[in-house]
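In case you want the letters, here they are:
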Amino acid sequence: MKSVSLLSFILFGLLLVGFSGPKEIGISFYNGKYIDAKKLASESGKTLFIDGYTEWCKPRKQMALTVFTDKELGQYFNTHFVNVKMDMEKTDGMPVSKRYNVNFYPTLLFVKPDGTLIRKEVGFHDKDQLLKLAREIAP
């Protein structure tokens, strides 16, 4: 009897709150070391997308909240790229920053798995600008 009451309570709660299933995500960023992301890109035949940022960069924080969370953008980037976000002032990001001469933030890098730079973009990009750029690099 208790289990039926509990189940009824849970179902009623879901109806009240409006259960919508799992949330759609935007760009899914690889959560590991850069060298491992390069290996993953090589094995999957994808290009690396690097979001080069710093903690104090306000435009990048805005992109993280409003652009990188877009469903359509996420679908395209997650299909065509291995996505990496890197603080260019910290350990893993510092050599990448030096190699690609990153001096302004945010800097968006598109890199082949072997390290060859395909394209470097600086500054805030809205969803449409970023999607257009991605389609030029990985049609």
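Residues numbered from 1 in each chain as written. Predicted model: local features only at pLDDT ≥ 70, side-chain atom pairs only at ≥ 80, totals over all residues. Heavy atoms only, no water.

1. Details of the packing of helix α4 (residues 71–80) against helix α6 (residues 127–137)
- At a minimum axis distance of 10 Å, the contact between α4 and α6 shows a crossing angle of 20°. Our classification of the angle between α4 and α6 gives roughly parallel. Of the two elements, α4 crosses α6, and the hand of that crossing is left-handed. Contacts between α4 and α6 pair E72, L73, Y76 and F77 from the former with K127, L130, L131, A134 and R135 from the latter.
- Within the contact of α4 with α6, the residues separate by chemical class into six nonpolar, no polar and three charged. (Axes fitted to C-alpha atoms, helices over the stretch in contact; angles between N-to-C directions. Helix = DSSP H or I, 4+ residues; strand = E, 2+ residues; numbered from the N terminus. Parallel < 35°, antiparallel > 145°, perpendicular 65-115°, else oblique. Left-handed = near helix turned anticlockwise from the far one by under 90°. Contact = heavy atoms within 4.5 Å. Nonpolar A, V, L, I, M, F, W, Y, C, P; charged D, E, K, R; others polar.)

2. What to know about the layout of surface pockets
- What the largest pocket holds in volume is close to 190 Å³.
- Lining the largest pocket, in full, are F29, Y30, N31, G32, V84, K85, M86, D87, K90, T91, D92 and G93.
- The biggest single contributor to the lining of the largest pocket is strand β2 (residues 81–87), with four residues.
- Looking at the lining of the largest pocket residue by residue, the classes come out as four nonpolar, four polar and four charged. (1 Å grid on protein atoms, 1.4 Å probe; cavity = no way out; pocket = protein on both sides within 12 Å on 5 of 7 lines; lining within 4 Å. Points joined across faces, edges and corners; volume = space filled by probe spheres on them.)

3. So, the nonpolar core
- Counting residues in each nonpolar core, the largest one holds 18 residues, and the members touching the most others are F49, F68, F77, F81 and L130.
- Within the residue set of this core, elements represented by two or more residues are α4, β3 (107–111) and α6.
- A per-element tally of this core places α6 first, with five residues.
- Discounting chain neighbours no more than four positions away, the residues touching F68 are G26, I27, F29, F49, D51, R60, M63 and L130. (Core = buried A, V, L, I, M, F, W, Y, C linked by side-chain atoms within 4.5 Å. Buried < 20%, exposed > 50% of the residue type's maximum accessible area, 1.4 Å probe, protein only.)

4. Section: α4
- Inspection of α4 places L73, G74, Y76 and F77 among the buried residues, and these make up the whole buried set.
- The secondary structure elements touched by the buried residues of α4 are β1 (47–53), β2, β3 and α6.

5. Examining unusual backbone geometry
- Following Y105, the chain continues to P106 via a peptide bond in cis, the omega torsion being -5°.
- If you trace the backbone, P106 turns up in the loop between α5 (93–99) and β3.
- Located in the positive-phi region is N101, a residue other than glycine, with phi close to 55°.
- Note on placement: N101 falls in the loop between α5 and β3.

These figures capture arrangement, not role.
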